[in-house]
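Notes for the structure review
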Amino acid sequence: MLKVSVDTIESMEVAHNKQADVIKETIIINQDIAESIKNENEQFNSINAMAKSNANDTAEVATQANIINDMVDKMTKLLEQGKESSRFYACLFSY
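Predicted model only: the values in this text are computed from it and were never measured.

This part covers the overall build of the chain. A tally of helices and strands in the chain yields one helix and zero strands. Relative to the globule expectation of 12 Å for 95 residues, the C-alpha radius of gyration of the chain, 41 Å, shows a markedly less compact shape. Dimensions along the principal axes, computed over C-alpha positions, put the chain at roughly 140 × 10 × 10 Å. Going through the 95 residues of the chain one by one, you find that 0% of them count as buried. Just so you have it, the chain exposes about 8,800 Å², and 62% of that area is on carbon and sulfur atoms. Averaging the positions of the 9 positive and the 15 negative side-chain charges in the chain gives two centres separated by 9 Å.

Given below as structure tokens:
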């Protein structure tokens with residue numbers, strides 16, 4: 001009977017050790033997953049910052065394009081006024 005008790009205790013110790021090993025492996029796997037999630041979050045934050053920067057750059061380019069378009073419109077009007085003046089003077093001096 002004592003032998004059976006000792007064998008049972010040894011079996012339980014083996015099972016306990018196996019259980020402890022499984023728990024250790026689970027902890028290691030969870031740590032790896034947590035590290036992967038952390039890395040993914042860092043990459044996402046980096047991509048997000050780049051996207052915001054690109055959006056700001058695009059907005060600045062759009063503003064500059066609008067300014068250039070306004071300048072082109074003003075120059076076009078001035079050129080049209082210059083053509084009208086040239087025609088007026090051409091008509092005036094042709095008489």
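Below, the discussion takes up the environment of Val 6. Inspection of the secondary structure puts Val 6 in helix H1 (residues 2-94). By relative accessible area, which is 38% here, Val 6 ends up partly exposed. The sequence separation of Val 6 and Ile 68 amounts to 62 residues, and the corresponding C-alpha distance is 92 Å.

Our next topic: a nonpolar patch on the surface. Judged by side-chain polarity, Ile 29, Ile 33 and Ile 37 come together as a nonpolar surface patch covering roughly 270 Å² of accessible area. As for its position among the elements, Ile 37 is in helix H1. Residue Ile 37 is classed as partly exposed on the basis of its relative accessible area, which comes to 47%.

Turning our eyes to something else, we now look at the environment of Glu 84. Tracing the backbone through its elements, the reader meets Glu 84 in helix H1. The sequence separation of Glu 84 and Asn 45 amounts to 39 residues, and the corresponding C-alpha distance is 58 Å.

Here is what the cut-offs are and how they apply
Residues numbered from 1 in each chain as written. Predicted model: local features only at pLDDT ≥ 70, side-chain atom pairs only at ≥ 80, totals over all residues. Heavy atoms only, no water. Helix = DSSP H or I, 4+ residues; strand = E, 2+ residues; numbered from the N terminus. Rg over C-alpha atoms; globule rule 2.2 N^0.38 Å. Buried < 20%, exposed > 50% of the residue type's maximum accessible area, 1.4 Å probe, protein only. Areas by Shrake-Rupley, 256 points an atom, 1.4 Å probe, with all protein chains shown as cover. Lys, Arg positive; Asp, Glu negative; His and termini not counted. Charge placed at Lys NZ, Arg CZ, Asp CG, Glu CD. Patch = residues over 30% accessible without salt bridge, like charges linked within 9 Å, V, L, I, M, F, W, Y side chains within 5 Å. Salt bridge = Lys/Arg side-chain N within 4 Å of Asp/Glu carboxyl O.

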